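Analysis of the macromolecular model
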Amino acid sequence: TGPGAAPAPRPVLAGIPAYVPKPPAPPAEGPSHRLFLNENPYPPLPSVAETLARAATEAHLYPTIQPERLTHALARRLDVPPAHLVTGPGSVGIYQQIGQALLEPGDEVVYAWTSFEAYPIVTRMAGAVPVEVPLAGGVHDLDAMAAAIGPRTRAVLLCEPNNPTGTAVGAARLERFLDRVPGDVLVVLDEAYFEFHRSPDAADGVALYRERPNLVTLRTFSKAYGLAGMRVGYAVAQAPIAEALRKCAVPCGVGRLAEEAALTALEVEGELLQRVERIVAERERTREALLGLGWEVLPSETNFLWLPAGRDAERVAAGWERRGLLVRAFPDEGLRVTVGTPEANDLLLTAAKETVPPAR
Ligand code: PMP
C-alpha cells in the first residue's frame, strides 16, 4: 500500500482475451480493403447521411434514457410489443446486459467453439464458466450442445448463422434443439447476419421467441443496415427477460445520432436490402470462383466466407495483407473474409489465384 499502489482489477479479467487479438495492418502504400470485421462495404445512403448531418446540430443534448422512438419503430416493424424490445450500443452492448442480468459466478454457459468471440468474454466477465462444444465440420453440433447442458447451465449462446464459419443449422434443427433446452436455461439466439440468410429453412428468432419465454433473439444495425460505426443493436424477448435486460442497459447507451440514423435506415430499408442482395450475389460469385481455384470454402449464409486454412491461415493472411486485403486469420483454423465490393472481391480472387492454397 502507499501512494504508489494501484487497486487490483478483478482476477477474472486476467483470463479474458482481447475482442480482436491482432487486427490486420494496412500496407504503407496503396489502397486497402477492410475485410476483417464483417462490415457492410457500402457507405451510408444519402438519406442516412443527411439525417446524421441534421442530428449533429443537436449533439449537445442527451438522448432519451432508452431510444423511445427507435423502440417503437422497431416494435411496429417486427410486430412485437415495445415492452419486448431492448436496445443497446451494438449487440455487444446487449451481451454485457445479458451477463449482468442473468449470469452469476459459477454458472455454466454452453456455446459452440469456434463461434462469436464475445462469448468467452461475456462468460468470464461474469465469473461464469465456459462450456465450449466443438463445431462439427464448421457447423453447430446441436446434439453435443444439448448433451453439454447440465444442472449448472444458466445459458446457451447460439450464433445462427455462425460467425466465423458462416454456416447455419436452419429452423427445423434449431427448433428441435430449443425443445430440448430446459425452460430455466436462457437461450441467446444471435441473428447478427439474419438478413443475409437465404436458405428456405432459415430460422426467424423474432417468430420463435413468442412461444419461448427462455429465448432472447439479437439483431443489429451493424451489418445489413450498414451502421456499424453508429452502434445500435437490439433484442427481443418476452417481458420478464426484456425488463431485466433494460435494467442493465447503460443509460443513454444509444446516442442521438445513432438513434436517428437507425430510424432513417428503417424508413429506407428497401434500398438497404437491395444492397444486401448485391452482397449475397457477390458472396456466391466469390465462393464459386474460389472453389474453382482449388480453395476450400464453406457454404455461407452471412456477409463473409470461411476458408478452413488450418496451419496456413496466418501465412495466407499475411500475404493478402501486403496486397491491402485485410482479412481475419484464426490461427490454425482458417480465414474469415468479409464479402466486399465487387472490386475488392476481384482483388481477393486475383490474390487467391497467386497464392498456394492450403494443403487439404
Ligand atoms: N454478433 C455477431 C455474431 C457478430 O459477428 C457481431 C459483429 N462481428 C456482433 C454480434 C456485434 O455486432 P454489433 O456491432 O451489433 O455489436
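Residues numbered from 1 in each chain as written. Predicted model: local features only at pLDDT ≥ 70, side-chain atom pairs only at ≥ 80, totals over all residues.

**Topic: helix 2 (residues 68-78)**
Along an α-helix, residues three or four apart share an orientation, since each turn contains 3.6 residues. Of all the positions in helix 2, only Leu70, Thr71 and Leu74 are classed as buried. End-on view of helix 2: buried residues confined to an arc of 100°, all on one side of the axis. On its buried face, helix 2 is in contact with strand 2 (85-88), strand 8 (233-236) and helix 9 (256-267). A positive phi of about 55° marks Asp79, the residue just after helix 2. (Buried ≥ 20, exposed ≤ 12 C-beta atoms within 10 Å, placed from the backbone. Helix = DSSP H or I, 4+ residues; strand = E, 2+ residues; numbered from the N terminus. Arc of directions from axis to C-beta. Contact = placed C-beta atoms within 7 Å.)

**A few points about the domain arrangement of the protein**
Splitting the protein by domain gives domain 1 (11-44 + 270-353) and domain 2 (47-267). For domain 1 and domain 2, the distance between their C-alpha centroids amounts to 23 Å. Taken residue by residue, the interface counts 28 residues in domain 1 and 30 residues in domain 2. Mapped onto the side of domain 1 that touches domain 2, the elements with two or more residues apiece are helix 10 (269-292) and strand 9 (304-307). For the side of domain 1 that touches domain 2, the class distribution of residues is 18 nonpolar, six polar and four charged. (Domains from an automatic or database assignment. Nonpolar A, V, L, I, M, F, W, Y, C, P; charged D, E, K, R; others polar.)

**What about the environment of Ala83?**
Considering the arrangement of structural elements, one finds Ala83 in the loop between helix 2 and strand 2. Taking the number of C-beta atoms within 10 Å as the measure of exposure, Ala83 has 14 and is therefore partly exposed. Ala83 sits 12 residues away from Thr71 along the chain, and the two C-alpha atoms are 8.9 Å apart. Dropping the residues within four chain positions of it, Ala83 is found in contact with Ala239 and Ala242.

**Thoughts on the site of the ligand**
Among the 13 residues in the neighbourhood of the ligand, the closest are listed as Gly90, Ser91, Ala192, Thr220 and Ser222. Among the elements that take part in the shell around the ligand, helix 3 (residues 90-102) stands out by supplying three residues, more than any other. A per-class count over the shell around the ligand returns five nonpolar, seven polar and one charged. (Near = placed C-beta within 6 Å.)

**Regarding the sheet that holds strand 3 (residues 108-113)**
Sheet architecture is open: seven strands sit in the order 2-8-7-6-5-3-4, paired in mixed fashion. Each having just a single partner strand, strand 2 and strand 4 (129-134) make up the two edges of the open sheet. Within the sheet, the average angular offset between the axes of one strand and its neighbour, ignoring direction, is 20°. Contacts from helix 8 (residues 239-247) reach strand 2, strand 7 (215-220) and strand 8, with the element oriented near 25° to strand 2. (Pairing = 2+ DSSP bridges. Axes fitted to C-alpha atoms, helices over the stretch in contact; angles between N-to-C directions.)

**Quick notes on the environment of Ala118**
In this structure, Ala118 sits in helix 4 (residues 118-125). Taking C-alpha positions, Ala118 is 18 Å from Thr338, a pair spaced 220 residues apart along the chain.

**Focus on the confidence of the model for the protein**
A residue-level look at the protein finds 100% of positions with pLDDT of 70 or above and a mean pLDDT of 96. As scored by the predictor, the complex reaches a pTM of 0.97 and an ipTM of 0.99. (pLDDT = per-residue confidence, 0-100.)

**Here's the deal with the packing of helix 1 (residues 46-56) against helix 9**
Closest axis-to-axis distance for the helix 1/helix 9 pair is 9 Å, and the angle between their directions is 150°. With respect to their mutual orientation, helix 1 and helix 9 come out roughly antiparallel. Viewed along their axes, helix 1 and helix 9 form a crossing whose handedness is right-handed. Residue-level inspection shows Ser47, Val48, Thr51, Leu52, Ala55 and Ala56 of helix 1 in contact with helix 9, the latter providing Arg256, Leu257, Glu260, Ala261, Thr264 and Ala265. The class makeup of the residues in the contact of helix 1 with helix 9 is seven nonpolar, three polar and two charged. (Parallel < 35°, antiparallel > 145°, perpendicular 65-115°, else oblique. Left-handed = near helix turned anticlockwise from the far one by under 90°.)

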